[in-house]
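# Survey of secondary and tertiary structure
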Amino acid sequence: MRNSLALCIALALAGTTVVPTVALAATTQPIEAMPLAQALDRFAHEAGWQVVYGAEVPDGLRSHAAPGHVPAAEQLSALLAGTGMTYRLVTPTTVTIVPGNVGAGPAPAAAIPAIDTRDEAQKLAPISVHANAVDTLAPSAAPLDATQPTSVIDERFIRDGLRFNANFDDIIKYAPSVTVTSPEGPGLGKNEGISIRGFQDGQFNITFDGIPFGDASDLHHTTSAYFNNHVLGQAEIDRGPGGGSTLGNATFGGTVALRSRDPSDEPGITPYLTLGSWNTRAGGVTADETVGNTRVFADVSKESSDTFLKGTDDKRDHIFIKTISQLGDVTSLTFVTSYNREHQNTVQGATKEEIDQHGWRFGLGDDPTVQNYKGANNAAYYSSFTYVGLTSQVAGWDVDDKVYLNTFDHWARKATDASDIDPADNGVTFYDAKGKKVATSKTDLPGKLSDSGFHAFGNVLRLGRDLGDGTLLTGIWLERSLDARYQYPVDLTTAAKTGTKYGPVDNYLLDDRTDTVQPYLQYDWKVTDAITVSPGVRYSEVTRSIDAPLNKVSPPVPLSAEATYHAALPSISVHDRLSDSWSAYAQAAEGFLAPPIDVIQVNGSHSLQPEKTRNYQLGTAYASSKLTFGADVYYINFSNFITETEVATDNGNEDTFINGGGAIYKGAEMEATFALTRALSLYGNASYNKATYKGSSVQVAGTPKITAALGLLYSNTNGYFGSLMGKFLGHQYGLDNTTDDAGNIQFANDQRIAGYLSVDAAAGYRTDKGPAGTKGYSISVDVNNLFNVHKLTGYAGTQSVSGDPLYFGLPGRGIFLDLSVKL
């Protein structure tokens, strides 16, 4: 992967400020022979020097062993001996690694230009690979090259701050303006909501190695059904629409860019094990190997847990393989395939009365005579993600091309209301083919069985070349998603189909298709050595079609329909590198989101227009060996805001879509990491997010106005590591609209959810020299919700019979022991 980057930076800090002569004489710990890039990172951390190296340090190059307790310059020379590389002093504590004979001594000191992450192959990177400037553990940091508010979460925090089987929602939850609701525990069960600045899942973009993905019909994501933190190398949260080259369906709400972990230069097999609260058991093995010109990383894991909510019984299996083949000096081929299978009993939320009566762990029960029975509420999720990626240079163009197939299937059998514990609400009616009642059972459990599955296949092509005083970027994203869904009512006690009062056996039966075309053009014009202006435009066209023998409405009727939505989306950003450690940016861009397939299914929603935004942002980033800092302000004018509301029908309350008119999102965000020592850092962030419907003070549902995080983090390459992280979410509302008795929509806030603070902790020890000839081991303890706080965290709709509101809560204290050993 390093060959595909123009520059890799290993940044490390000295514990105190020192004069140059002292820095040159600093002594370090011994460093054994290992891959050179890894050795340079180790040296930088131990010596407190800043080491800059690029693609001229080839993959597979190994260092020599270097003695400890010698001057840093002498140790660096020993590491580079025989590698064909030497170093150049830029400042007394900053070096760049260059080709040359180390025996001749360091190359003469010379000024080097500011690092520009946009040169050569990095131009095309769908997700930038950043190193935090402060070389200590931190949940996230703002990179200097960002042209919009950005937080980068690197592999160190993913590895050291979270339990082994965390999901990507756990990885991003401490970042500014992010809200996560995981009622069953970290990495367990189904996540019930992610929001960024108040934009809900489906209103922002999620990509994997630069490929957008999400549920075919509404762009939502089942976080536990894809990737765990074993296979992720980095996550980047862009809280903005990006430029012309930012691909995806809902970029105006931001992008969560996940990057897969690369194969390690150090071969080995690493078995791992997790034991923890709620009968959580997990185990697996990772393997890194190099075969010829191909590096391989593979991971296989298995997990089971009762989870915090009773009766949910979550089980998960995951397989992941990644290979990177170097086909030439400028050409590499990447293959990734992932498969995930998860089975669980699914909850629907709980009323306050049920929580008061049965406790915060109320979920599903063992009584087969009520709808809350765990055996009557089951789900299975099957997903796969496969792509082949080629990077090269052709006729002066840098090329990055990925062909992919993404599949997802969700099978579910559930009661009419999984929160209902009153047997008096049971009862099943059977109908014949004409919709006539033929039998009833007053005690059987009513429910439904459904399945939805899609296959999305496509291509992401990115091209770039130097042109004039800048870089031209262009490319295209093409995708076709085929989706099939059905649902029918069932007697859960006998497993018999009941038929419907309209005659058909199924409630709905449909196939739909979504075609997406997004070409783009962007020019990064270097006006000066410090200022880059990047105008761009992306054209987005989305065509949704449906062929439904039984449409998803009441009564179900056939439907064949198609709708095409399109828009040209201009953008411009200005990035000013004020100094080597300080930058500023301004951005303006338009956003677009095609309505979900449900909009052309539901009666009365056919005329809804696509959602559109105009985004404006200003920000700054600072990075030194002691401090990283980022701050921004934003203003988003949102038109054609599509929102869901409940309406009363003969079948009870049903959801429909309405145009909320418009909304204004505005706020400010900041985050910082300060290095107290070389190993200890203090992290904090704070955000103010106001999202209100135009012409009113009604806050958009699911939008806390205030979020904040504060943490103390300790990290060593070898030895002890740990963190203490707190996350605060201010109050929010579960509802922002209701329907009156006349069927009119009324915008008003309801179902207030109070703010809360939760604290997580982690502590562990690692070494790269294990017993009995092993290559090292790690042991850690992760504690979720350290102080066992119990608060409501999310609104979950209403109970079918009573109409009482349902909620999700914060999972109680969970303690997890993680063990791994490298063979």
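Residues numbered from 1 in each chain as written. Predicted model: local features only at pLDDT ≥ 70, side-chain atom pairs only at ≥ 80, totals over all residues. Heavy atoms only, no water.

## A closer look at the overall build of the protein chain
Helix and strand counts for the protein chain come out as 6 helices and 43 strands. The buried share of the protein chain, taken over its 823 residues, is 56%. Put simply, of all contacts in the protein chain between residues at least 6 apart along the chain, 68% involve residues at least 24 apart. A total of about 31,100 Å² of accessible surface is found on the protein chain, and carbon and sulfur atoms cover 57% of it. (Helix = DSSP H or I, 4+ residues; strand = E, 2+ residues; numbered from the N terminus. Buried < 20%, exposed > 50% of the residue type's maximum accessible area, 1.4 Å probe, protein only. Contact = heavy atoms within 4.5 Å. Areas by Shrake-Rupley, 256 points an atom, 1.4 Å probe, with all protein chains shown as cover.)

## Side note on the confidence of the model for the protein chain
Here the protein chain shows a mean pLDDT of 84. Residues at 70 or above account for 86%. In this model residues 1–27 is a low-confidence stretch, pLDDT under 50, and it forms 82 contacts with partners more than four residues away in sequence or in other chains. Below a pLDDT of 50 lies the segment residues 104–123, which in the model reaches 45 contacts outside its immediate sequence neighbourhood of four places, other chains included. (pLDDT = per-residue confidence, 0-100.)

## Here's the deal with the sheet that holds strand S6 (residues 178–180)
Taken in spatial order, the 3 strands of this open sheet run S6-S7-S8, and their pairing is antiparallel. On the outer flanks of this sheet lie S6 and strand S8 (199–200), each paired with one strand and no other. (Pairing = 2+ DSSP bridges.)

## Here we look at the pairing of strand S40 (residues 776–784)
Looking at chain direction, strand S39 (residues 756–767) and S40 are connected through 7 bridges and run antiparallel. Its bridge partner being in S40, Ala-761 is matched across the sheet by Val-783. Bridge analysis of S40 against strand S43 (residues 814–822) gives 9 bridges, and the strand direction is antiparallel. What sits directly across from Val-783, in S43, is Ile-815.

## Side note on the nonpolar core
The nonpolar side chains of a soluble globular protein tend to be buried, and buried together. Counting 63 residues, the largest nonpolar core has Ile-172, Phe-208, Phe-227, Leu-258 and Tyr-665 as its most contacted members. With 4 residues, the single largest contributor to this core is strand S18 (residues 378–394). Among residues more than four places away in sequence, those in contact with Phe-227 are Asn-167, Phe-168, Phe-208, Phe-213, Leu-232, Leu-258, Arg-316, His-318, Ser-338 and Phe-385. (Core = buried A, V, L, I, M, F, W, Y, C linked by side-chain atoms within 4.5 Å.)

## Remarks on the packing of aromatic side chains
The geometry of two aromatic rings is summed up by the distance between their centres and the angle between their planes. Counted by the stated rule, this structure contains 24 aromatic pairs. One aromatic cluster is present, built from ring pairs that chain together Phe-208, Phe-213, Tyr-226, Phe-227, Tyr-381, Phe-385, Phe-408 and Phe-454. We note Arg-197 situated over the ring of Tyr-634; from NZ or CZ to the ring centre the distance is 3.7 Å. Its guanidinium or amino end placed over the ring of Tyr-488, Lys-497 lies 4.5 Å from that ring's centre, counting from NZ or CZ. (Phe/Tyr/Trp six-rings, centres within 6.5 Å; stacked < 30°, edge-to-face > 60°. Lys NZ or Arg CZ within 6 Å of the ring centre and 35° of its normal.)

## Overview of a nonpolar patch on the surface
Residues Ile-269, Val-285, Val-300, Ile-319, Ile-321, Leu-327, Leu-333, Phe-335, Tyr-339, Val-388, Leu-390 and Leu-823 make up a contiguous nonpolar surface patch of roughly 930 Å² in combined accessible area. Secondary structure elements with two or more residues in the nonpolar patch: strand S16 (314–326), strand S17 (332–345) and S18. Examining the composition of the nonpolar patch, we find that 3 residues originate from one element, S17, more than from any other. Overall, the relative accessible area of 30% leaves Val-285 in the partly exposed class. (Patch = residues over 30% accessible without salt bridge, like charges linked within 9 Å, V, L, I, M, F, W, Y side chains within 5 Å. Salt bridge = Lys/Arg side-chain N within 4 Å of Asp/Glu carboxyl O.)

## So, the pattern of salt bridges
All told, the structure shown has 21 salt bridges when counted by the stated rule. For Lys-173, the salt bridge identified is with Asp-760, shortest N-O distance 2.9 Å. Of this pair, Lys-173 sits in the loop between helix H5 (168–172) and S6 while Asp-760 sits in strand S39; the two residues are 587 residues apart in sequence, bridging distant segments of the chain. Across this residue pair, the class does not change: Lys-173 and Asp-760 are buried. A salt bridge links Arg-239 to Glu-669; its shortest N-O distance comes to 3.1 Å. Highlighted residues: Arg-239 in the loop between strand S11 (232–238) and strand S12 (255–260) and Glu-669 in strand S33 (residues 662–675), separated in sequence by 430 residues. Of the two residues, Arg-239 and Glu-669, both sit in the buried class. Where salt bridges share partners, they join Arg-197, Arg-239, Asp-632 and Glu-669 into one cluster.

## Let's talk about the side chain of Asn-377
Mapped onto the fold, Asn-377 is located in the loop between helix H6 (352–358) and S18. Here Asn-377 falls in the buried class, since its relative accessible area comes to 0%. Only 2.9 Å separates the side chain of Asn-377 from the backbone oxygen of Tyr-373, close enough to count as a polar contact. Apart from the residues within four sequence positions on either side, Asn-377 is in contact with Gln-344, Asn-345, Thr-346, Leu-364, Gln-371, Asn-372, Arg-413, Lys-414, Ala-415 and Ala-418. (Polar contact = N/O pair within 3.5 Å; in protein donor to acceptor, adjacent residues only side chain to side chain.)

## Topic: helix H3 (residues 72–80)
For H3, a buried count of 7 out of 9 residues is recorded, marking the element as mostly surrounded by other parts of the structure. If you check which residues of H3 are buried, you get Ala-72, Ala-73, Gln-75, Leu-76, Ala-78, Leu-79 and Leu-80. Downstream of H3 by a residue or two, Gly-82 has a phi angle that is positive, lying close to 80°.

## Re the side chain of Ser-325
By secondary structure assignment, the location of Ser-325 is in strand S16. Assessed through its relative accessible area of 13%, Ser-325 is described here as buried. Within the structure, the side chain of Ser-325 is placed 2.7 Å from the side chain of Thr-294, a separation counted as a polar contact. Once you skip the residues sitting within four places of it in the chain, Ser-325 turns out to touch Asn-293, Thr-294, Thr-331, Ser-332 and Leu-333.

## Things to note about helix H2 (residues 36–47)
Between the first and last C-alpha of H2 there are 16 Å, a value that for 12 residues agrees with the 16 Å anticipated at 1.5 Å per step. H2 sits mainly inside the fold: 9 of its 12 residues count as buried. Burial in H2 covers these residues: Leu-36, Ala-37, Ala-39, Leu-40, Arg-42, Phe-43, Ala-44, His-45 and Ala-47. (Expected span 1.5 Å × (residues − 1).)

## Brief notes about the sheet that holds strand S10 (residues 211–212)
Ordered by their spatial adjacency, 5 strands build an open sheet running S5-S11-S12-S9-S10, and the pairing between neighbours is mixed. Since the sheet does not close on itself, it has two edges, and those belong to strand S5 (150–154) and S10, each with one partner. Inspection of the sheet shows S5 paired to S11 by 5 bridges, in the antiparallel sense. Across the sheet, residue Ile-153 finds its bridge partner in S11, namely Ala-235.

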